[in-house]
Amino acid sequence: MDNPVAVIGGAGSVGRLVVAGLVSRGEQVRVVSRRARPGGSVAAFRADVRDRESLGAPLAGCSAVVVSVEPGTSDSGPNSPKATMYDGVLNVLDAATAGGEKPHIVLVSQIYVTRSNHPINSTGRMLDWRLAGEDAVRSSGLPYTVVRPSWLTGGGTGGVRLEQGDTGDGQISRQAVADACVQALYLPSARSLTFEMYGAPGSAPADWDDLFQALAPDSATAR
Ligand SMILES: NC(=O)c1ccc[n+]([C@@H]2O[C@H](COP(=O)([O-])OP(=O)(O)OC[C@H]3O[C@@H](n4cnc5c(N)ncnc54)[C@H](OP(=O)(O)O)[C@@H]3O)[C@@H](O)[C@H]2O)c1
């Protein structure tokens, strides 16, 4: 890519694997998080998605932004899911485009977001606000990919099943989620896609393009 890729949450369990994947491809990477530690081999920026001002420098001039941030769990206020997953996403979209850029946005969300009766939604309407954040990305006019992991596990990538419609349940390795985020930045077939990720028997995908091409691009109102 011509310009840096910002990974917000790039020190987290998925984010650091995304960073490693991008670094191995020779990309300029910016790790962005509240407690990022500048001085390492990868550029690190301290910023909080809830604080629009803090995002200005880290997101300026980026070719792509991966958002892999863990939401707060209070019912309201700064530690609520709304503050991170909705207001925070709006801040990211605003900051990432402030200089006229049109970066590819990859948003790590989760399964269940359209199932508002799920118990996870009783925590600050977590699922409703995650879905609202997804909707903001889908309607941003930017190239985007929304990745909805099922329950995260360690270990190797293994087989991967991508679904749409948010009806499933299961597990997926962090490495597979990170691989999907990285691949999405290079494959045009991943643009305008929202999909869920589950583990499957077999080995790691040989061709992510095949997996992405088997999915339906979002329509303007798709969920
Ligand atoms: N756990 C599961 O089974 C599961 C299932 C589906 C989806 N997911 C989702 O997958 C995503 C990645 O998960 P993960 O395990 O990698 O999370 P994680 O290890 O907790 O990492 C989250 C990262 O976000 C950063 N962060 C948190 N709040 C921030 C804020 N306000 N502004 C900027 N950065 C912030 C954290 O760093 P600082 O603390 O330094 O800011 C950290 O680097 C999350 O959205 C998670 O909810 C998880």
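As shown above, the structure is provided for reference.
Procedures and definitions
Numbering of residues starts from 1 in each chain and follows the order in which that chain's sequence is written. In keeping with the predicted nature of the model, local features appear solely for residues at pLDDT of at least 70, side-chain atom pairs appear and are counted solely at 80 or more, and the whole-chain, interface and lining totals rest on all residues. As a rule here, side-chain values come from all non-hydrogen atoms in the structure, and water together with hydrogens is ignored. Working definition: helices are DSSP H or I runs of at least four residues, strands are E runs of at least two. Numbering for both runs from the N terminus. Contacts described as polar in this section are N or O atom pairs within 3.5 Å, which, within protein, must combine one atom able to donate a hydrogen with one able to accept it, while residues neighboring in sequence count only if both atoms come from side chains. Every residue pair with non-hydrogen atoms within 4.5 Å of one another is taken to be in contact. Each salt bridge in this description consists of a side-chain nitrogen of Lys or Arg and a carboxyl oxygen of Asp or Glu lying within 4 Å of one another. Exposure above 30% relative accessible area and the lack of any salt bridge qualify a residue for a patch; like charges then connect within 9 Å, and the nonpolar side chains Val, Leu, Ile, Met, Phe, Trp and Tyr within 5 Å. Areas reported here follow the Shrake-Rupley algorithm with a probe of radius 1.4 Å; residue values treat only the protein chains shown as occluding. The convention is simple: Lys and Arg are positive, Asp and Glu are negative, and His and the chain ends are not counted. To locate a charge, take atom NZ for lysine, CZ for arginine, CG for aspartate or CD for glutamate. Under the pairing criterion, centres of Phe, Tyr and Trp rings, with the six-membered ring standing for Trp, must be within 6.5 Å; the plane angle then separates stacked pairs below 30 degrees from edge-to-face pairs above 60, leaving the rest tilted. Throughout this description, buried means an accessible area under 20% of the type-specific maximum (1.4 Å probe, protein chains only), exposed means over 50%, and partly exposed covers the range between.

Enquirer: I'm lost on unusual backbone geometry in this one. Help?
Expert: Backbone phi values are negative for most residues with the exception of glycine, while trans is the configuration of most peptide bonds. A positive phi is found at Arg-125, a non-glycine position, where the angle reads about 55°. Structurally, Arg-125 can be placed in the loop between β5 (104–108) and α4 (126–138).

Enquirer: What's the story with the side chain of Ser-54 in this structure? I'm lost.
Expert: Positionally, Ser-54 belongs in helix α2 (residues 52–59). Within the structure, the side chain of Ser-54 is placed 3.0 Å from the backbone nitrogen of Asp-48, a separation counted as a polar contact. Reaching out from Ser-54, the side chain makes a polar contact with the backbone oxygen of Asp-51 at a distance of 2.7 Å. Apart from the residues lying within four places of it in its own chain, the contact partners of Ser-54 are Arg-46, Ala-47 and Asp-48.

Enquirer: Can you help me understand the pattern of salt bridges in this one?
Expert: Between side chains of opposite charge, pairing is possible as soon as their charged atoms come close. One pass over the full model with this rule turns up ten salt bridges. For Asp-166, the salt bridge is made with Arg-115, and the minimal N-O distance between the two is 2.8 Å. Here Asp-166, found in the loop between β8 (159–163) and β9 (171–173), pairs with Arg-115, found in the loop between β5 and α4; they are 51 residues apart in sequence, far enough to count as distant. Its salt-bridge partner being Arg-138, residue Asp-135 comes within 2.8 Å of it at the nearest N-O pair. Pair noted here: Asp-135 and Arg-138 are both in helix α4, with a separation of three residues, about one helical turn. When salt bridges that share partners are traced, they join Glu-134, Asp-135, Arg-138, Arg-148 and Glu-196 into one network.

Enquirer: What should I look at first to understand a positive patch on the surface in this one?
Expert: Among the surface-exposed residues, Arg-34, Arg-35, Arg-37 and Arg-46 lie close enough to one another that they form a single positively charged patch. Structurally, Arg-37 is set in the loop between β2 (29–33) and β3 (43–46).

Enquirer: For this particular structure, what's the right way to read the packing of aromatic side chains?
Expert: Aromatic ring pairs are described here by two measures, namely the spacing of the ring centres and the angle between the planes. In total, this model carries four aromatic pairs according to the counting rule given. On the numbers, 5.4 Å between centres and 40° between planes, the contact of Tyr-86 with Trp-129 is tilted. Of the two residues, Tyr-86 is situated in helix α3 (residues 81–96) and Trp-129 in helix α4; the sequence distance between them amounts to 43 residues. Residue classification places Tyr-86 among the partly exposed positions, given a relative accessible area of 24%. Owing to a relative accessible area of 19%, Trp-129 belongs among the buried residues under this scheme. Seen from their ring centres, Phe-195 and Phe-212 are 5.6 Å apart, and the 45° between their planes marks the pair as tilted. Of the two residues, Phe-195 sits in strand β10 (residues 193–200) while Phe-212 sits in helix α6 (residues 208–213), which places them 17 residues apart along the sequence.

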